[in-house]
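In case you want the letters, here they are:
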Amino acid sequence: MIELPNLYMFIIASFLLCLAPGPDNIYVLTQGMTKSKKAAIVTTLGLCSGLIIHTSAAAFGISIIFKTSEIAFNIVKFLGAAYLLYIAYQVFIHRNEHLDLSGQNSKVELKKLYLKGFFMNVLNPKVSIFFLAFLPQFVSPQNGNVPLQMILLGVIFMVLTILVFSLIGVAANILSAKLIENTKIVKYMNICTSFILGGLALKLALSQR
């Protein structure tokens, strides 16, 4: 259904976009640095679950609401920024806690990380607008069923994102494992993480359609 030249171009473009520094992969990187490989992977799965919502919204035209309605865009945008600030605050107040890079995260903690990733992605209206602009470029209307083509492209993007983000999180965890013996470094890593999240919240709050 999707023409092969379009599919190849889409895969290359998606891979490069996954590697480009952004709020999501930076968040995964910090999870790998401050928690565990498993935490980074679960966070990635949460973020990518949010992509299902954005893909569906783009495929069926719901994202157009965010593109045309300033009020809807701002409501979701500020909710997302507030959520990021909340996470940043939680990291900051627990900045002196020892980092656990063993990978032995409890099921409850992993569930929380998954939900954090999911809501962080869903509450970013710019992702919906991005998908609305990005996916149609690789769709061939003459091949029929445009929504299905967009959904297939969204699934491919999600799989690539899972692979790339997971590798980023695991690599960050391996590098961080050499630093955790120093308690001051642990504290500073947590502080840096909270400021990164705060910066991402500010960037989202100031973003325009």
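Residues numbered from 1 in each chain as written. Predicted model: local features only at pLDDT ≥ 70, side-chain atom pairs only at ≥ 80, totals over all residues. Heavy atoms only, no water.

Asks: Kindly report on helix 1 (residues 4–19), identifying the contributing residues and their values.
Replies: In a regular helix each residue adds 1.5 Å, so 16 residues correspond to 22 Å; helix 1 covers 23 Å between its end C-alpha atoms and thus fits that length. Every buried residue of helix 1 is accounted for by Asn6, Leu7, Phe10, Ser14 and Cys18. Projection of helix 1 onto a plane perpendicular to its axis shows the buried side chains occupying an angular sector of 95°, all on one side. For helix 1, exposure combined with an orientation more than 90 degrees from the buried face picks out Pro5, Met9, Ile12 and Leu16. If you follow the buried residues of helix 1, they end up packed against helix 2 (23–34), helix 7 (125–134) and helix 8 (146–176). (Helix = DSSP H or I, 4+ residues; strand = E, 2+ residues; numbered from the N terminus. Expected span 1.5 Å × (residues − 1). Buried < 20%, exposed > 50% of the residue type's maximum accessible area, 1.4 Å probe, protein only. Arc of directions from axis to C-beta. Contact = heavy atoms within 4.5 Å.)

Asks: Please give an account of helix 7 that cites residues and values.
Replies: The buried count for helix 7 comes to seven of ten residues, which makes it a mostly enclosed element. Among all positions of helix 7, only Pro125, Val127, Ser128, Ile129, Phe131, Leu132 and Phe134 are buried.

Asks: How would you summarise the packing of helix 3 (residues 37–59) against helix 6 (residues 107–122) if you had to cite specific residues and measurements?
Replies: Relative to each other, helix 3 and helix 6 sit at 35°, their axes nearing to 7 Å. Crossing of helix 3 over helix 6 shows right-handed handedness. Between helix 3 and helix 6, the contacting residues are Lys38, Ala39, Val42, Thr43, Leu45, Gly46, Leu47, Ser49, Gly50, Leu51, Ile53 and His54 on the first element and Leu110, Leu113, Tyr114, Gly117, Phe118, Met120, Asn121 and Val122 on the second. For the contact of helix 3 with helix 6, the per-class residue count stands at twelve nonpolar, seven polar and one charged. (Axes fitted to C-alpha atoms, helices over the stretch in contact; angles between N-to-C directions. Left-handed = near helix turned anticlockwise from the far one by under 90°. Nonpolar A, V, L, I, M, F, W, Y, C, P; charged D, E, K, R; others polar.)

Asks: For the side chain of Asn6, give the residues involved together with the corresponding values.
Replies: When you line up the elements, Asn6 lands in helix 1. Under the relative-accessibility criterion, Asn6 is labelled buried at 16%. Each residue touching Asn6, except ones within four places of it in the same chain, is listed here: Phe138 and Ser140.

Asks: Which residues make up a nonpolar patch on the surface, and what values do they have?
Replies: On the surface, a nonpolar cluster with roughly 380 Å² of combined accessible area is contributed by Ile41, Leu45, Tyr114, Leu115 and Phe119. Where the nonpolar patch is concerned, the elements lending two or more residues are helix 3 and helix 6. Considering each element in turn, the nonpolar patch owes the most residues, three residues, to helix 6. Here Leu45 lies in helix 3. (Patch = residues over 30% accessible without salt bridge, like charges linked within 9 Å, V, L, I, M, F, W, Y side chains within 5 Å. Areas by Shrake-Rupley, 256 points an atom, 1.4 Å probe, with all protein chains shown as cover. Salt bridge = Lys/Arg side-chain N within 4 Å of Asp/Glu carboxyl O.)

Asks: Describe the pattern of salt bridges, listing the residues and the values that go with them.
Replies: In the structure shown here, the tally under the stated rule is one salt bridge. In this structure, Glu109 and Lys35 form a salt bridge, with 3.9 Å as the shortest nitrogen-oxygen distance. Linking Glu109 in helix 6 with Lys35 in the loop between helix 2 and helix 3, this pair joins segments that are 74 residues apart in sequence. A relative accessible area of 29% means that Glu109 is categorised as partly exposed. Classification of Lys35 as partly exposed rests on a relative accessible area of 24%.

Asks: Quick rundown of the packing of aromatic side chains? Include the residues and the values.
Replies: All chains considered together, the criterion is met by six aromatic pairs. Look at Phe134 and Phe138: their rings are 5.2 Å apart centre to centre, the planes differ by 70°, and that puts the pair in the edge-to-face class. Linked through ring pairs, Phe10, Phe131, Phe134, Phe138 and Phe157 together constitute an aromatic cluster. (Phe/Tyr/Trp six-rings, centres within 6.5 Å; stacked < 30°, edge-to-face > 60°.)

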